Amino acid sequence: MKINCSIIGGGIVGLMTAREVARAKPSWDIAVFESSEYLGDATTGRNSGVLHSGIYYPTNSLKHTLCMQGNSLWREEPGANIISCGKMLVGDDLSDLEFKANNNGVEYRYANDEELEQLNLYTHSDKALFIASTGVLDIASFIREITYELKSMGVAVLINSKVTELKPSCLKVGDDWYQSDLIINCAGLGAIELRSKLGLTNYTQKLVKGRWLTTTEKFEAPWLIYPKPLPNLLGLGVHSCIDPDGSVRFGPDAYPIVAGSVDYTFGDYENLLSDTLAQFPNLDKSRISPSMVGIRTKLEETTDFVVDSPLPGYIEALGIESPGLTAAPAIAKLIVDLI
Ligand SMILES: Cc1cc2nc3c(=O)[nH]c(=O)nc-3n(C[C@H](O)[C@H](O)[C@H](O)COP(=O)(O)OP(=O)(O)OC[C@H]3O[C@@H](n4cnc5c(N)ncnc54)[C@H](O)[C@@H]3O)c2cc1C
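Nothing here was measured: the structure is a model prediction, and the numbers come from that model.

A word on the overall build of the protein chain
What the protein chain contains, in helices and strands, is 8 helices and 20 strands. Considered along the principal axes of its C-alpha atoms, the protein chain spans approximately 65 × 40 × 35 Å. Per-residue burial over the protein chain gives 44% buried out of 339 residues. Restricting to contacts in the protein chain with at least 6 residues of sequence separation, those with at least 24 account for 75%.

Shown next, in the form of structure tokens:
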């Protein structure tokens, strides 16, 4: 069977890329191959769900520019439910984050006395930066919307379809080989292994697990609360997340796991619990329990995203860790620019 464009991976990046390709090339036969039974069930369904502002990343990196573009593009999505809660970034000295916000073009203001008083019901802080452009995305409902949209555009969305072999303009699923003029690798945690089948070995990945705890207690802070990230932290540190159903999670922590072993077990969580209680000391420990596990793909060779076409007829998105959910619509546009 001959396809014009195959997208490997039915996470947010693959699905948004498929839609962008279908819009740009309406006459093309396009297929999405997803190994799992469900779309968006890997990293896309296991994150904080935060629409990031772009404050943290090196100025003009892909993480910075695609995050900012993605944040705006999400707001133009009719099928996206966004909770526009904003975020309070707390810490003793926020001057370096203020500097970054100014450099990165992120709007912010300092919290006022009334807000600080309210904030101190949940955490302890004399100062906070409020960033209004941070929000929360209902990713599960958006995955349903975009899947319906793709099918109505004639894109073949194939679940239970793991790509096991890759050659120039050819991919293998089950016992079948498919010819494809263009192959786009959006396979998340599987992207590095897949590209190695094309002889591409210049990137390696480190997998870093993140876990969240949840509480049955009422936690009614109207914004997300983030501590200022510590230097050399593998993630942003334990923060509060508001889920679309109104429940609240705390996390994620960050620790490397063996590359190649995608391990979603929760394990012991004493450290995560003490980090959570250090940030949110008024929480009732007895009402906290494990929630979710997600895995970051971090490249050893760069801290930035890689979106590139290293071979004719082949495009890849690598190292799409946070803020990949926010950046996804902009990554999709960048990929289409590479066609
Ligand atoms: C702890 C944590 C917290 C995060 N928090 C945020 C946040 O708050 N905000 C934000 O913007 N981002 C966040 N992120 C990042 C965000 O979740 C990811 O950047 C994004 O989901 C990546 O999407 P993706 O489509 O690239 O990958 P995935 O969702 O992993 O999709 C890749 C798909 O490819 C499939 N696949 C793999 N190999 C094959 C194969 N051989 N054949 C066929 N299919 C294959 C997989 O099954 C998967 O469905 C977080 C990530 C983690 C881990």
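Structural notes on the site of the ligand
Inspection of the region around the ligand gives 40 residues, with Gly11, Gly188, Gly190, Gly210 and Gly324 positioned closest. Among the elements of the structure, helix H1 (12–24), strand E18 (288–299) and helix H8 (324–337) are those that each provide at least two residues to the shell around the ligand. Considering only residue class, the shell around the ligand consists of 16 nonpolar, 19 polar and 5 charged.

As for the sheet that holds strand E14 (residues 224–227)
An order of E6-E7-E5-E14 is seen for the 4 strands of this open sheet, with the pairing classed as mixed. The open sheet has two edge strands with one neighbour each: strand E6 (109–110) and E14. Pairing of strand E5 (residues 87–90) with strand E7 (residues 128–131) involves 4 bridges; the strand directions are antiparallel. Considered in E7, the bridge of Lys87 is made with Ile131.

Side note on the sheet that holds strand E4 (residues 82–83)
An order of E3-E8-E4 is seen for the 3 strands of this open sheet, with the pairing classed as antiparallel. Of all the strands in the sheet, the pair left with one neighbour each is strand E3 (50–51) and E4. When E4 meets strand E8 (residues 135–137), the two strands line up antiparallel, connected through 2 bridges. Opposite Ile83, over in E8, you have Val136 as the bridge partner.

Some thoughts on the environment of Ala31
With respect to the helices, strands and loops of the structure, Ala31 is situated in strand E2 (residues 30–33). By the C-beta count within 10 Å, which is 21 here, Ala31 ends up buried. Each C-alpha atom of the pair Ala31 and Tyr110 lies 47 Å from the other, and the pair is 79 residues apart in sequence. Leaving out residues up to four positions away in the same chain, Ala31 has contacts with Ile3, Ser6, Ala156 and Leu158.

Section: unusual backbone geometry
Residue Pro252 follows Gly251 across a cis peptide bond; omega there is -10°. With respect to the secondary-structure elements, Pro252 resides in the loop between strand E16 (248–251) and strand E17 (255–257). The omega angle of the peptide bond from Ser322 to Pro323 is 10°, so this bond is cis rather than trans. Within the secondary structure, Pro323 sits in the loop between strand E20 (314–318) and H8. Here the phi dihedral of Asn160 falls at roughly 50°; this positive angle occurs in a residue that is not glycine. As for its placement among the helices and strands, Asn160 is situated in the loop between strand E9 (156–158) and strand E10 (163–167). For Ser169, which is not a glycine, the phi torsion comes out positive at approximately 60°. Relative to the helices and strands, Ser169 is located in the loop between E10 and strand E11 (170–173). Residue Ser169 is classed as partly exposed on the basis of its 18 C-beta neighbours within 10 Å.

Cut-offs and rules
Residues numbered from 1 in each chain as written. Predicted model: local features only at pLDDT ≥ 70, side-chain atom pairs only at ≥ 80, totals over all residues. Helix = DSSP H or I, 4+ residues; strand = E, 2+ residues; numbered from the N terminus. Buried ≥ 20, exposed ≤ 12 C-beta atoms within 10 Å, placed from the backbone. Contact = placed C-beta atoms within 7 Å. Near = placed C-beta within 6 Å. Nonpolar A, V, L, I, M, F, W, Y, C, P; charged D, E, K, R; others polar. Pairing = 2+ DSSP bridges.

The values reported here are purely geometric and, on their own, carry no functional implication.
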